[in-house]
Amino acid sequence: PVSALCCLEGHLLAAAGSKLMLYSWTGEELEGCAFFDAPLYVVSLATVKNFILLGDVAHSVYFLHFREDKDAAGGRHLIQLFQDF
């Protein structure tokens, strides 16, 4: 089940349990383009520009950065910057 939803620079950010997925709309369907595996169940998401604050069930906080490559491959990455246990 989906535990949290948020918008990130025109993409959909969805948490299902401990899995955080970033989806992009292709015009016909949602396509997964990046992911992050949190250690515990994600209960909250917040975004500011291309930064993500993720909260889990044990009240821990994770700070992530979304990076989209501008080259031909166009890779998208969710990079962990900080975690609090």
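This text follows the structure it describes.
Q: Mind laying out the sheet that holds strand 4 (residues 30-37), listing which residues take part and the relevant values?
A: The 4 strands lie next to each other as 1-2-3-4, forming an open sheet whose pairing is antiparallel. Where the open sheet ends on each side, the last strands, each with one partner, are strand 1 (4-8) and strand 4. Averaged over all pairs of adjacent strands, the angle between their axes in this sheet comes to 25 degrees, without regard to strand direction. Across 7 bridges, strand 3 (residues 19-25) lies against strand 4 in antiparallel orientation. Across the sheet, Ser24 pairs through a bridge with Glu31, a residue of strand 4.

Q: Describe the sheet that holds strand 8 (residues 76-84), naming the residues involved and giving the relevant values.
A: In spatial order, the strands read 5-6-7-8; together these 4 strands make up an open sheet with antiparallel pairing. In this open sheet, the two edge strands, each paired with only one partner strand, are strand 5 (42-48) and strand 8. Strand-to-strand twist in this sheet, taken as the mean axis angle between neighbours without regard to direction, amounts to 25 degrees. The pairing of strand 7 (residues 61-68) with strand 8 spans 8 bridges and is antiparallel. Within the sheet, the bridge partner assigned to His65 lies in strand 8 and is Ile79.

Cut-offs and rules
- Here the residue numbering is sequential within each chain, running from 1 through the sequence in written order.
- The predicted origin of the model limits local features to residues at a pLDDT of at least 70 and limits the giving and counting of side-chain atom pairs to 80 or more, whereas totals for whole chains, interfaces and linings rest on all residues.
- With hydrogens and water set aside, each side-chain value is computed from the structure's full complement of heavy atoms.
- For two strands to be treated as a pair, DSSP must find at least two bridges joining them.
- Secondary structure elements follow DSSP: runs of H or I no shorter than four residues count as helices, runs of E no shorter than two count as strands, and numbering proceeds from the N terminus.
- Lines fitted to the C-alpha atoms define the axes, with helices restricted to the stretch that makes contact. Angles between their N-to-C directions range from 0 to 180 degrees.

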